[in-house]
Amino acid sequence: MKKDLKAIAGGSGRRALLILLPLTLVVVIPAVYFVTISLMPVEPGAALPKAIAAMLPEYAVGLDYRQGWLVAFTELLCPLLFLSVPILTGAASASYAFVMERESGTLETLLLTSIGPKSVYGAKTTSCTVLSVLISAAGFLAFTLTVGVADAFAGVRFFFDLEWLMLLVLETPVLSLFSVVFVALTVTRVHSTAESLQTMGYLILPVAAIYLMQLCGVFRLNLLALALIAAALAVLDVVLFNAASRAFTPEKLLERGEPEE
C-alpha cells in the first residue's frame, strides 16, 4: 500500500490530476456559478420556473430570484459534481496502481514474490480506495467552505443537511470502491493507462443520468432513495471485488497481448 501511494503521488502529472480535477469540480465551478448569479441583472418580478421551485427544500420558499437559483444549483447539481470526485479519483488511482504497473513490468516482480496475487490485489484495492475517500473528504471540506461563503453573502440557510450527510458517509465510500474494482476488473482488457483512464467517463454516466433526470423533474432523490442506491452499490462492490480478485492471476495479468488495429 505504501509503495502504491508513493507511486501515485510520485509523478507531477498524476498529482495534478488527483488535485486539480476535484478542485475544479467542487470549488471552481461552484464559485464561478455563484459569482455569475450575483452579478447577473434581474428583471423585477423574476421568479424560478415552477418545476425547479417544486424540487427545492421548504426553506427555499420566499427566496428571491438569485437566492433561489443559488439553492437550486447547490441542491440539484452540486451533488453530481461532488459524487464525480470519488468516481474520478478512484478510477484514476486504480489505473495508476494496476495498469501503469503492468505497463512498466514491475507487476511481474510482485506476482513472483511470496506475497501472493490475492494479497497484492487486496493491498492495491485498499490503497486506491482509501486515497479516493481521503481526496473526496478534502474536496468536500473545500466545497463546504465555498458554498458556505456563498450562502452567507446571499443570505440563505447553510446548505448541509441529512441528504448531504448520506452522500458523504454512504455514497462516497461505495462509489470509490466501485470505481477501483471496476478498473481492476478491466486491467487485463486494456493496453495502456490512458485507455484505462477513459473508463472514468463511463463510470460517471449513470450518476449523471440520475441527477439530470431529477433536474428534468422525472423524480426527486430523497433519503430512502439514497440509502437504497448505497445498498445496491455495496452489493455490487462485493460482486465486482470477488470477480476482479478471481481474475487477478499471474496467467492472465502477465499476458502481453497487442492492441487490436
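Structure first, text after, so check above.
Residues numbered from 1 in each chain as written. Predicted model: local features only at pLDDT ≥ 70, side-chain atom pairs only at ≥ 80, totals over all residues. Heavy atoms only, no water.

K.L.:
Hey, could you run me through the environment of Ala138 in this one?
P.N.:
Mapped onto the fold, Ala138 is located in helix H6 (residues 117-154). With a relative accessible area of 46%, Ala138 lands in the partly exposed category. As a C-alpha pair, Ala138 and Leu226 span 88 residues in sequence and 22 Å in three-dimensional space. (Helix = DSSP H or I, 4+ residues; strand = E, 2+ residues; numbered from the N terminus. Buried < 20%, exposed > 50% of the residue type's maximum accessible area, 1.4 Å probe, protein only.)

K.L.:
Help me out: how do you make sense of the pattern of salt bridges in this one?
P.N.:
For side chains of opposite charge, pairing can occur when their charged atoms come near one another. Scanning the entire structure with this criterion turns up 1 salt bridge. Of the charged contacts in the structure, one is a salt bridge between Glu163 and Arg220, with a shortest N-O distance of 3.9 Å. One end of the pair, Glu163, is in helix H7 (residues 162-185); the other, Arg220, is in the loop between helix H9 (199-215) and helix H10 (223-247), and 57 residues separate them in sequence. A residue is classified by how much of its surface remains accessible, and Arg220, at 28% relative accessible area, is partly exposed. (Salt bridge = Lys/Arg side-chain N within 4 Å of Asp/Glu carboxyl O.)

K.L.:
Please explain the environment of Lys50 as it appears in this structure.
P.N.:
On the secondary structure map, Lys50 appears in helix H3 (residues 50-54). Owing to a relative accessible area of 76%, Lys50 belongs among the exposed residues under this scheme. Each C-alpha atom, one on Lys50 and one on Thr249, is 56 Å from the other, the two residues being 199 residues apart in sequence.

K.L.:
Sorry if this is basic, but what is going on with H9 here?
P.N.:
Taking 1.5 Å of rise per residue, the 17 residues of H9 would be expected to cover 24 Å, and the 25 Å separating its terminal C-alpha atoms lies within 8% of that figure. Looking at H9, one finds that the buried residues are Thr199, Met200, Leu203, Ile204, Val207, Ala208, Tyr211 and Gln214. A positive phi of about 90° marks Gly217, the residue just after H9. (Expected span 1.5 Å × (residues − 1).)

K.L.:
What is the right way to look at the packing of aromatic side chains in this model?
P.N.:
To describe a pair of aromatic rings, one takes the distance between the centres and the angle between the planes. Using the criterion set out here, one finds 18 aromatic pairs in the structure. The interplanar angle of 15° and the centroid separation of 3.9 Å between the aromatic rings of Tyr33 and Phe73 together place this pair among those described as stacked. Of this pair, Tyr33 sits in helix H2 (residues 12-39) while Phe73 sits in helix H4 (residues 65-104), and the two are 40 residues apart along the sequence. Here the aromatic residues Phe82, Phe140, Phe143, Phe158, Phe159, Phe160 and Trp164 are joined through ring pairs into a cluster of three or more. (Phe/Tyr/Trp six-rings, centres within 6.5 Å; stacked < 30°, edge-to-face > 60°.)

K.L.:
Help me understand the environment of Thr172 in this model?
P.N.:
In this fold, Thr172 is placed in helix H7. Sequence separation between Thr172 and Val235 is 63 residues; the distance between their C-alpha atoms is 15 Å. Residue contacts for Thr172: discarding those within four places in its chain leaves Phe82, Pro86, Ser136 and Leu167. A polar side-chain atom of Thr172 sits 3.5 Å from the main-chain carbonyl oxygen of Leu168. (Contact = heavy atoms within 4.5 Å. Polar contact = N/O pair within 3.5 Å; in protein donor to acceptor, adjacent residues only side chain to side chain.)

K.L.:
How should I be thinking about H10 in this particular structure?
P.N.:
The α-helix winds at 3.6 residues per turn, so residues separated by three or four positions along the chain end up facing the same way. Counted at 1.5 Å a residue, the expected span for H10 with its 25 residues is 36 Å, and the 36 Å between its end C-alpha atoms agrees. Buried within H10 are the following residues: Leu226, Ala230, Leu233, Asp237, Leu240, Ala244 and Ser245. Against H6, H7 and H9 lie the buried residues of H10. In this structure Asn222 caps H10, since a side-chain oxygen of it lies 3.2 Å from the backbone nitrogen of Leu224.

None of this, on its own, says anything about what the molecule does.
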